[in-house]
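Next come the chains, spelled out residue by residue.
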Amino acid sequence: MNVPLLVVLFVQLICITALTEAVHGSLEDQGVGEESVSGRRTGRLYCRVGIGFHLQIHPNGRVNGSHEPNHLSLLELFAVSQGVIGIRGVFSNRFLAMNKRGWLHATETFTDDCKFRERFQENSYNTYASVAHKSRWTGREWLVALNKRGKAKMGSNRRVKAQHVSTHFLPRMNVQEKLEQSFTITAKEQERAPAAPVPQKPPVPQKPPVPKVPVGTRQKGPRTVNYWPKFRFG
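Residues numbered from 1 in each chain as written. Predicted model: local features only at pLDDT ≥ 70, side-chain atom pairs only at ≥ 80, totals over all residues. Heavy atoms only, no water.

Engineer: Can you help me understand the packing of aromatic side chains in this one?
Structural biologist: In this description, a pair of aromatic rings is defined by centroid distance and the angle of the planes. For the structure shown, the criterion picks out four aromatic pairs. Ring centres of Phe78 and Phe110 lie 5.5 Å apart, and the angle between their planes is 55°; this geometry places the pair in the tilted category. Of this pair, Phe78 sits in strand 4 (residues 75-81) while Phe110 sits in the loop between strand 7 (104-107) and strand 8 (116-120), and the two are 32 residues apart along the sequence. The exposure class of Phe78 is buried, given its relative accessible area of 1%. Pairing Tyr128 with Phe169 gives two aromatic rings, centres 6.2 Å apart and planes at 65°, and the pair type is edge-to-face. (Phe/Tyr/Trp six-rings, centres within 6.5 Å; stacked < 30°, edge-to-face > 60°. Helix = DSSP H or I, 4+ residues; strand = E, 2+ residues; numbered from the N terminus. Buried < 20%, exposed > 50% of the residue type's maximum accessible area, 1.4 Å probe, protein only.)

So, in structure tokens, the structure goes:
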């Protein structure tokens, strides 16, 4: 029996256990829980209802949609378990949640209300259903949805179905503001021999300008008067 090999394996097992506990402890400090370990994505969720809205989370807990992407619509999607994710606002640092009545809101701590089941639809859009709440009578899932004005809809509403465009979201992950980078290429000036000076011709004397006489006018010159003497007879 190889005793040194068993000692080495025992030491490695202790190191792996300590590392796992450290990772779980850091996740608990963030309020996410032990189940969320990997699968983090950063981007935006675009809903094609109406003119199109981006899901955004406000610092005061309000949830709605914005047509133009901004800092409030930048979200972080992280995996909790297989098919279940959590959504956190990067700027507001709050988690998307759905209460027992079906209203969407945002909380500072991660709870069961913040867990959503992500499903891929045939049209390349996704739907997000609440894991903790659904219809008691029919078992219908309550989905995250926005109306045509960009306001959050109640998931308990009977009209909120997976077939409606109000529940279809397109994940736009790894979205970063692209800065236009430009550069200028400057070529080295080639040394050229100075060209021989071109001999200049002497200036041609110009005639004085002839004054223009306006049409219809007559120049007055010196007048000649002829005088004839008169003689008287008788």
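Engineer: Any chance you could explain the confidence of the model for the protein chain here in plain terms?
Structural biologist: Note that predicted coordinates carrying low pLDDT should not be read in detail. When the pLDDT values of the protein chain are averaged, the result is 77; 62% of them are 70 or greater. Segment residues 22-37: pLDDT under 50, and 22 contacts once partners within four positions in sequence are set aside and those in other chains are kept. Low pLDDT (under 50) marks residues 177-190, which in the prediction has one contact with non-local residues, meaning those over four places away or in another chain. (pLDDT = per-residue confidence, 0-100. Contact = heavy atoms within 4.5 Å.)

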